[in-house]
Amino acid sequence: MRILITGAAGFLGSHLCDRFLAEGHDVVGLDNFVTGHPDNIAHLIGNDRFQFIRHDISTNTYVEGPLDGVLHFASPASPIDYLELPIETLKVGSLGTHNALGLARAKGARFFLASTSEVYGDPLVHPQKEEYWGNVNPVGPRSVYDEAKRFGEAITMAYHTWHGLDTRIVRIFNTYGPRMRPRDGRVVSNFIVQALSNEPITIYGDGSQTRSFCYASDEVDGIYKLFMNGDSNPTNIGNPDEYTVKQLAELVVELTGTRAPIVYEPLPKDDPKVRKPDITRARTMLGWEPKVHVRDGLARTIEYFKQHVGTPMMAPRTPRPRPASAAR
Ligand code: UDP
């Protein structure tokens, strides 16, 4: 097959490129490097089954030649990134999804949407099954991501029912592993970078909020199986192994042997209190379940970040400038 992946230079997008190439498919990668990085696909340049196009999927998009699959993975995905890029995030989830759907339809390709556990918002049902509609603040700071992804799901379903397009929707739960941007602001990257740099480890709130962490290779395996053998209904792919943020901090301290202290900072607005996928659907439909325990996955991720200690990637983050018109 010939597969287009948007967000190909991102954390998950680049792992997906690797997986599709390893399975013998040809891959066209597309990215505008807003949050993705050329380093993530540097090893693929020169592979004659991989083609890269630098382009913003939120604008008109045309790709030459046949396509059998279009996977839309482009989007800022860490809360800090999407808070700094609110309009871009809304655009890539709405206009970008529309453009990618249009391309899939024109080529007669299967369409695959990277959605998110954030569609469940601050969930009132735990663990989260696909049937749960969620609890999202439509005008809160996280809405730029949550609502864009919810719109993405709605328009994907509309293309499926109205145009008969073959579609998939994955709801990705917190995923971590090599190629995460060290300073992308997410909890796993923050804690590991802080531990390796002997900077204070920043727990937001009291650390009692929970997340369930899936290692990248498990996530990509679930996504690949869903693409190949799934159906059009949204499907959770994540690891149901649930931890409090405080437990995660303690685990990172133990695995890195850091001397860094743990400090407590204010909890961001609308931060979900719990999150854990119910993966019954993926288990029964795809025969998929995660294999990598969080201790092993964290150890591998720590090794990856260690290779970057002292490089510009590990340098403290400089916030993106806000437009002068932005409300404070
Ligand atoms: N978090 C934290 N310290 C950090 C970064 C994040 O305590 O340095 C918390 C955050 O408040 C949230 C959880 O860790 O409760 C997961 O945050 P992340 O940004 O990774 O993703 P989210 O699941 O919120 O989208």
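Just above sits the structure.
Let me begin by describing the structure that accompanies this report.

## Section: the site of the ligand
In step 1: Every one of the 18 residues lining the ligand counts as a neighbour, but Val187, Thr202, Tyr204, Arg211 and Asp271 are closest to it.
In step 2: In the model, an oxygen atom of the ligand is placed 2.7 Å from a nitrogen or oxygen of the Tyr204 main chain.
In step 3: At 3.0 Å, a side-chain N or O of Gln209 approaches an oxygen atom of the ligand.
In step 4: Protein burial of the ligand: of its 510 Å² of free accessible surface, 95% is covered by the chains.
In step 5: Across the shell around the ligand, the residue classes break down as seven nonpolar, five polar and six charged.

## Here's the deal with the packing of helix α1 (residues 11–22) against helix α6 (residues 216–229)
How two helices pack is summed up by the angle between their axes together with the distance between the axes.
In step 1: Running from N to C, α1 and α6 cross one another at 60 degrees; their axes reach a closest spacing of 10 Å. Considering the angle they form, α1 stands oblique to α6. Note on packing geometry: the crossing formed by α1 with α6 is right-handed. Contacts from Phe11, Leu12, His15, Leu16, Arg19 and Phe20 in α1 reach Ala216, Glu219, Val220, Asp221, Ile223, Tyr224 and Phe227 in α6.
In step 2: Grouping the constituent residues of the contact of α1 with α6 by class yields nine nonpolar, one polar and three charged.

Reading the values: the criteria
Residues numbered from 1 in each chain as written. Predicted model: local features only at pLDDT ≥ 70, side-chain atom pairs only at ≥ 80, totals over all residues. Heavy atoms only, no water. Near = heavy atom within 4 Å. Polar contact = N/O pair within 3.5 Å; in protein donor to acceptor, adjacent residues only side chain to side chain. Areas by Shrake-Rupley, 256 points an atom, 1.4 Å probe, with all protein chains shown as cover. Nonpolar A, V, L, I, M, F, W, Y, C, P; charged D, E, K, R; others polar. Axes fitted to C-alpha atoms, helices over the stretch in contact; angles between N-to-C directions. Helix = DSSP H or I, 4+ residues; strand = E, 2+ residues; numbered from the N terminus. Parallel < 35°, antiparallel > 145°, perpendicular 65-115°, else oblique. Left-handed = near helix turned anticlockwise from the far one by under 90°. Contact = heavy atoms within 4.5 Å.

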